[in-house]
Amino acid sequence: MNLESGFHQNHAKKESWRTVLTLAYQSLGVVYGDLSTSPLYVYKSTFADDIEHSDTNEEIFGVLSFVFWTLTLVPLLKYVSIVLRADDNGEGGTFALYSLLCRYANVNSLPNCQLADEDLSAYKNDITSPAPSTFGARLKSTLEKNRVLQKILFVLALIGACMVIGDGVLTPAISVFSAVSGVEFAMSREHHKYVEVPVACLILIALFALQHYGTHRVGFLFAPVVLAWLLCIGAIGLYNIFHWNPHVYRALSPYYMYKFLKKTQRGGWMSLGGILLCVTGSEAMFADLGHFSQLSIKLLRCPIYTMDLQIAFTSIVYPSLILAYMGQAAYLSQHHDIENSNRIGFYVSVPEKLRWPVLVTAILAAVVGSQAIITGTFSIIKQCSALGCFPRVKIVHTSSKVHGQIYIPEINWILMILCLTVTIGFRDTNRMGNASGLAVITVMLVTTCLMSLVIVLCWHRSVILAVLFVLFFGTIEALYFSASLIKFLEGAWVPIALSFIFMIVMCVWHYGTLKKYEFDLENKVSIDWLLGLGPSLGIVRVRGIGVVHTELVSGIPAIFSHFVTNLPAFHQVLVFLCVKSVPIPHVKHEERFLVGHIGPREHHIYRCIVRYGYRDVHKDDMQFENDLVCSIAEYIRTGRTDLNNADEYSTKQHEEMMVLGTPATHLNGIQLCDDKGLSQDIVGTSEPIETESPSMIKPRKRVRFVVPESPNVDTSTHEELQELLQANEAGITYILGHSYVKAKRESSLLKKIVINLGYGFCSRNCRTTTSGLSVPHASTLEVGMVYNI
């Protein structure tokens, strides 16, 4: 037996490592794809207008020195060595950092947060309060009390998210257009300019049209493409170094940066916007952390997987990029008779016989690199939507096995239209580079600011380290930011305009959502009103289960009182269902449901709160209904039910909720099965219930609760379970609130514009709160109500 168990343990370890290696293999293409394509356009953008390539080679050597140290300090030191360790349970990006800070600083980022959410295992994971006498404790206390600082932190996270979305528009355009620009060496100058734009547009259309298939279907092609591309540019760079200038390594000295700025002065400073493009993809590398399965997310918490990411970057990506830039500099240092600055690019340094194969590889690598930022954009949009900062959109999970791979149709087509607009409108790598550079460096600045808070609040490090982090990396990024901002009229206005539009949408939606929730809180009906109606509640109870969707986690929503006032009848079992997001990436299935009674047990009214993380998959099939019914049944069996009359219940100051998981996580709990399921203790109806239709008569499937043998179920609990099962067999009806939000007459003009026009337009054109649950139309009852806020 020991030998057999040892064999199974070794087999499980092998399977686990095989899965890890498979995920790591796929992540190579998605995570590092964007960063690896930067050699296509860095030198071309740098030498566009501000500086010239002279015979002294001071310019090209200075640019190479800047590229080397920027690659070393930003992606290698900042992101791979520091920022990747600040993941939020495996999730990356600016909103993941913001969510992490909200939990550590005890700042509620969502309006319907409750104390029970803080008991989630992932919520409290590794969270320890700083010592009372430290600066971190004082900073935590200040953040908790100061609403202005909380809003500044929130706006900072929104700016970073908006710039990532803007980068999702610009990076595919510049990557694909720069890759296609290699055709200029294969045809005359008069013809190639008519070929580049159409070919680039066709590739972009194909890229976005294939997004709905998901990354997992072509993920295995990404890694070999990026690997082949990195080996290709590394080998070409090595060839150019030995063939043209073996002493080019001397330019890696920081002294050449000083000589470069001394000679070029203002022009050299303005050209830093082109050099900045060598680190595009660093933020996407951080944002794409959670784009793989739950297993990879767990492994990200251990040093082994983080070490794998570091080894992949330091052993393959980083050396290949450095060799590529050094090779281009070596070639250009011996060629000063180039016709124009536009030809100071990647393909001019590629040997003529290899240009066509390299061109094909570059286009494929550009597509993979574009995929990295597109998936990062999808992740950011989903996080913002889950945290109430973006209108509800349709989120399609493209893989049933690989967690986190999503596709958002509306965002996908908007990105495609904007990408095509930028490509056709600019038709120039230089202006695209100016736009992309500003978006990238803005996100990096936001990450630096948030990371400084993480160092103090989450890692409990000295404030001196946080200040040094901000001063060191902030100074470098501020220098590049100023150089990018000066190109405002030369393309840098695009990310500002895009971010401004998305920022308005996010702020309007968040403001409207908060005001709507405040209206629900102010106008909710007390439970005493419901209990005052008596045991029969003064209304007719019809067969079935009525599920009332609400955003409230306590009290009775005003939409329900509005419904009862106009139609004094509802179902024999009533469930107030709240599907909410919590500021953590994932909620375990064991902690998914919060269930409790509303009023005495003979009323058969329950509250069920279903909690999802901002990266969790919302179930969209019949399984959700089964989980909901089983969780209520399990609460009836094991929950506290000693409140048998209204007087006892009214003395309670709050509803007592019980944490329950899905039936799959509690195999020893109540299960729902059909007549074929066998058990010694079954609660069910005495005969099957049938429904008739005009064409035929079909017996309705008979389902039963399978109750564990112990503990024994008493008579009252048995009756309550039987009542729930009879209601479930009669069917479930979803009562949805359709709210019309309007500003009050005495409101200011700005508020009327924001609520009536902005929020009204977004709410009319976004998905409903229950769209992810696939609620059947035949079982849906909508109740309209005007919200004057």
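All of these numbers come straight from a predicted model, not from anything done at the bench. Position numbers for residues start from 1 in each chain and track the written sequence from start to end. In keeping with the predicted nature of the model, local features appear solely for residues at pLDDT of at least 70, side-chain atom pairs appear and are counted solely at 80 or more, and the whole-chain, interface and lining totals rest on all residues. Working from all heavy atoms in the structure, the side-chain values ignore hydrogens and water.

Engineer: So, the overall build of the protein: which residues are in play, and what are the values?
Structural biologist: The helix count covers DSSP runs of H or I at least four residues long, the strand count covers runs of E at least two residues long, and both are numbered beginning at the N terminus. For the protein, the count of helices and strands is 25 helices and 14 strands. In this scheme, a residue with accessible area under 20% of its type's maximum is buried, one over 50% is exposed, and one in between is partly exposed, where area comes from a 1.4 Å probe on protein chains only. Relative to its 789 residues, the protein shows a buried fraction of 56%. Between two residues, a contact is recorded if the distance between any of their heavy atoms is within 4.5 Å. Restricting to contacts in the protein with at least 6 residues of sequence separation, those with at least 24 account for 84%. Of the roughly 33900 Å² that the protein leaves accessible, carbon and sulfur atoms contribute 60%. Using a 1.4 Å probe, accessible areas were evaluated by the Shrake-Rupley method; residue-level cover was limited to the displayed protein chains.

Engineer: I'd love a proper account of the sheet that holds strand β14 (residues 780–788), names of residues and values included.
Structural biologist: Between any two strands, at least two bridges found by DSSP are needed for them to pair. Read from one edge of the open sheet, 7 strands run β7-β5-β6-β4-β3-β13-β14, paired in mixed fashion. At either end of the open sheet lies a strand with only one pairing partner, and these are β7 (658–660) and β14. Neighbour-to-neighbour, the strand axes of this sheet turn through a mean angle of 25 degrees, independent of strand direction. Along the sheet face, helix α22 (residues 623–638) touches β3 (540–549), β4 (569–582), β5 (593–597), β6 (605–613), β7 and β13 (732–742) and points at about 50 degrees away from the line of β5. Structural elements are reduced to axes, namely lines fitted to C-alpha atoms, with helices fitted over the stretch in contact, and the angle between N-to-C directions of any two is expressed from 0 to 180 degrees.

Engineer: Please set out helix α3 (residues 58–80) residue by residue, giving values where relevant.
Structural biologist: Every α-helix carries 3.6 residues per turn, so stepping three or four residues along brings you back to the same face. Each helix should span, by expectation, one fewer than its residue count multiplied by 1.5 Å. For α3, with 23 residues, the first-to-last C-alpha span of 31 Å sits near the 33 Å given by 1.5 Å per residue. Across the 23 residues that make up α3, a large majority, 20, are buried.

Engineer: Mind laying out unusual backbone geometry, listing which residues take part and the relevant values?
Structural biologist: A positive phi angle is found at glutamine 265, which is not glycine, with a value near 55 degrees. Mapped onto the elements of the fold, glutamine 265 is located in the loop between α9 (255–264) and α10 (266–270). Look at glutamine 265 and you get exposed, because its relative accessible area is 55%. The backbone of arginine 427 sits at a positive phi, close to 50 degrees, despite the residue not being glycine.

Engineer: Any chance you could break down the pairing of β6 for me, citing the residues and the numbers?
Structural biologist: With 9 of its 9 residues buried, β6 lies for the most part within the structure. Across 9 bridges, the pairing between β4 and β6 is parallel. Bridge pairing in β6 links valine 575 to tyrosine 606.

Engineer: Residue-level account of the packing of helix α5 (residues 135–145) against helix α17 (residues 429–457), with values.
Structural biologist: If you want to describe how two helices pack, look at the angle between their axes and the distance between the axes. Running from N to C, α5 and α17 cross one another at 120 degrees; their axes reach a closest spacing of 9 Å. Put simply, α5 runs oblique to α17. Taking contact as the criterion, the partners of Phe135, Gly136, Leu139, Lys140 and Leu143 in α5 are, on α17, Leu453, Val456 and Leu457. These descriptions rest on fixed angle ranges, namely under 35 degrees for roughly parallel, over 145 for roughly antiparallel, 65 to 115 for roughly perpendicular, and the rest for oblique.

Engineer: Can you lay out helix α4 (residues 94–104) for me, pointing to particular residues and giving the numbers?
Structural biologist: Of all 11 residues making up α4, 11 are buried, and the element is well covered by its neighbours. Considered for burial, the residues of α4 that qualify are Thr94, Phe95, Ala96, Leu97, Tyr98, Ser99, Leu100, Leu101, Cys102, Arg103 and Tyr104. Packing partners of the buried residues in α4 comprise α5, α6 (147–180), α12 (282–287), α15 (355–386) and α17. With its phi angle positive at about 55 degrees, asparagine 106 sits one or two positions after the end of α4.

Engineer: I'd like a rundown of the nonpolar core, residues and numbers included.
Structural biologist: Grouping buried Ala, Val, Leu, Ile, Met, Phe, Trp, Tyr and Cys residues that are joined through side-chain atoms within 4.5 Å yields what is termed a nonpolar core. Core analysis: the biggest nonpolar cluster contains 157 residues, and Leu64, Leu71, Phe95 and Tyr325 have the highest contact counts within it. No other element matches the 17 residues that α6 contributes to this core. With sequence-adjacent residues up to four places away left out, tyrosine 325 is seen in contact with Ser38, Pro39, Val42, Tyr43, Leu64, Val67, Leu71 and Cys278. Within the second largest apolar cluster, 30 residues are counted, among which are Phe570, Ile598, Ile755 and Tyr787.

Engineer: Describe the packing of aromatic side chains, and please don't skip the residues or the numbers.
Structural biologist: Each pair of aromatic rings taken from Phe, Tyr and Trp, with Trp reduced to its six-membered ring, is defined by centres within 6.5 Å and is described as stacked if the planes are under 30 degrees apart, edge-to-face if over 60, and tilted in the remaining cases. In the structure shown here, the tally under the stated rule is 17 aromatic pairs. Taken together, a centroid distance of 6.2 Å and an interplanar angle of 75 degrees make the contact between tyrosine 255 and tyrosine 256 edge-to-face. Ring centres of phenylalanine 378 and tyrosine 407 lie 6.2 Å apart, and the angle between their planes is 85 degrees; this geometry places the pair in the edge-to-face category. Within this pair, whereas phenylalanine 378 is found in helix α15, its partner tyrosine 407 is found in strand β2 (residues 406–407), the two being separated by 29 residues in sequence. According to the relative accessible area criterion, tyrosine 407 is buried, its value standing at 7%. Grouped by ring-pair contacts, the aromatic residues Phe61, Tyr255, Tyr256 and Tyr258 constitute a single cluster.

Engineer: Tell me about a nonpolar patch on the surface, and name the residues and values.
Structural biologist: A surface patch of nonpolar side chains, about 620 Å² in accessible area, is lined by Phe135, Val463, Ile464, Leu465, Val467, Leu468 and Leu471. At 6 residues, helix α18 (residues 463–485) tops the list of elements feeding residues into the nonpolar patch. Relative to the helices and strands, leucine 471 resides in helix α18. Its relative accessible area of 51% is what places leucine 471 among the exposed residues. A residue counts toward a patch only above 30% relative accessible area and without a salt bridge, and it is joined to like-charged neighbours within 9 Å or, for Val, Leu, Ile, Met, Phe, Trp and Tyr, to nonpolar neighbours within 5 Å. A carboxyl oxygen of Asp or Glu within 4 Å of a side-chain nitrogen of Lys or Arg is what we treat as a salt bridge.

Engineer: Can you lay out the pattern of salt bridges for me, pointing to particular residues and giving the numbers?
Structural biologist: What the rule picks out here adds up to 7 salt bridges. Note that glutamate 58 is salt-bridged to lysine 263, the shortest N-O span being 4.0 Å. Note that glutamate 58 is positioned in helix α3 and lysine 263 in helix α9, a separation of 205 residues in sequence. On the accessibility criterion, glutamate 58 (24% relative accessible area) is partly exposed. For lysine 263, a relative accessible area of 38% gives the class partly exposed. Salt-bridge contacts for glutamate 144 lead to lysine 140; the nearest nitrogen and oxygen are separated by 2.6 Å. Of the two residues, glutamate 144 and lysine 140 both sit in helix α5, 4 residues apart, roughly one turn of that helix. Overall, lysine 140 belongs to the buried group, its relative accessible area being 18%.

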